[in-house]
Amino acid sequence: MKIIKRNGAEVAFDITKIITAVTKASDSVSGQSRLTKDQITQIAAAVTDQCQALNRAVSVEEVQDMVENQLMDIKAHDVARHYITY
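All of the points below concern the structure found in this document. (Residues numbered from 1 in each chain as written. Predicted model: local features only at pLDDT ≥ 70, side-chain atom pairs only at ≥ 80, totals over all residues. Heavy atoms only, no water.)

1. Describing the pattern of salt bridges
Taken as a whole and judged by the stated rule, the model has 3 salt bridges. Here arginine 56 ties to glutamate 62 by a salt bridge, and the two come within 2.7 Å at their closest N and O atoms. Accessibility expressed as a relative area gives 25% for glutamate 62, which makes it partly exposed. Across the pair arginine 81 and aspartate 78 runs a salt bridge whose closest N-O atoms are separated by 2.4 Å. (Salt bridge = Lys/Arg side-chain N within 4 Å of Asp/Glu carboxyl O. Buried < 20%, exposed > 50% of the residue type's maximum accessible area, 1.4 Å probe, protein only.)

2. A look at the sheet that holds strand E3 (residues 58-59)
Read across the sheet, 3 strands follow the order E2-E1-E3 without closing on themselves; strand pairing throughout is mixed. Of all the strands in the sheet, the pair left with one neighbour each is strand E2 (10-12) and E3. The pairing of strand E1 (residues 2-4) with E2 spans 3 bridges and is classified as antiparallel. By the bridge assignment, isoleucine 4 is partnered in E2 with glutamate 10. (Pairing = 2+ DSSP bridges. Helix = DSSP H or I, 4+ residues; strand = E, 2+ residues; numbered from the N terminus.)

3. Regarding the layout of surface pockets
Roughly 400 Å³ of volume is contained in the largest pocket. In this structure, the largest pocket is lined by 15 residues; those nearest its centre are Ile3, Lys17, Ile18, Val60 and Val63. Within the residue set of the lining of the largest pocket, elements represented by two or more residues are E2, helix H1 (15-27) and helix H3 (60-73). Each residue belonging to the lining of the largest pocket can be placed in one class, and the counts come to 10 nonpolar, 1 polar and 4 charged. (1 Å grid on protein atoms, 1.4 Å probe; cavity = no way out; pocket = protein on both sides within 12 Å on 5 of 7 lines; lining within 4 Å. Points joined across faces, edges and corners; volume = space filled by probe spheres on them. Nonpolar A, V, L, I, M, F, W, Y, C, P; charged D, E, K, R; others polar.)

4. Here we look at unusual backbone geometry
One non-glycine residue, asparagine 55, lies in positive phi territory at about 55 degrees. Relative to the helices and strands, asparagine 55 is located in the loop between helix H2 (37-54) and E3. Judged by relative accessible area, asparagine 55 falls into the exposed class, the value being 71%.

Shown next as structure tokens:
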């Protein structure tokens, strides 16, 4: 599976980048709003599944939107706000 970077280059999809970004966003919010490692892994896996289902290269922006939607679905609004700024 490929992802289209902002500069137009196609590179291999890397789930760890999603995990890292969501973890950083989660770590930047207060205690009760933070996500568990399991929640972060589930979000990354769900986004990966969505990307694979599209059966085409996806853009970074599309992946970010998918992550934001996953965060909103689990009511992690504070984390979503911080994720958007990363």
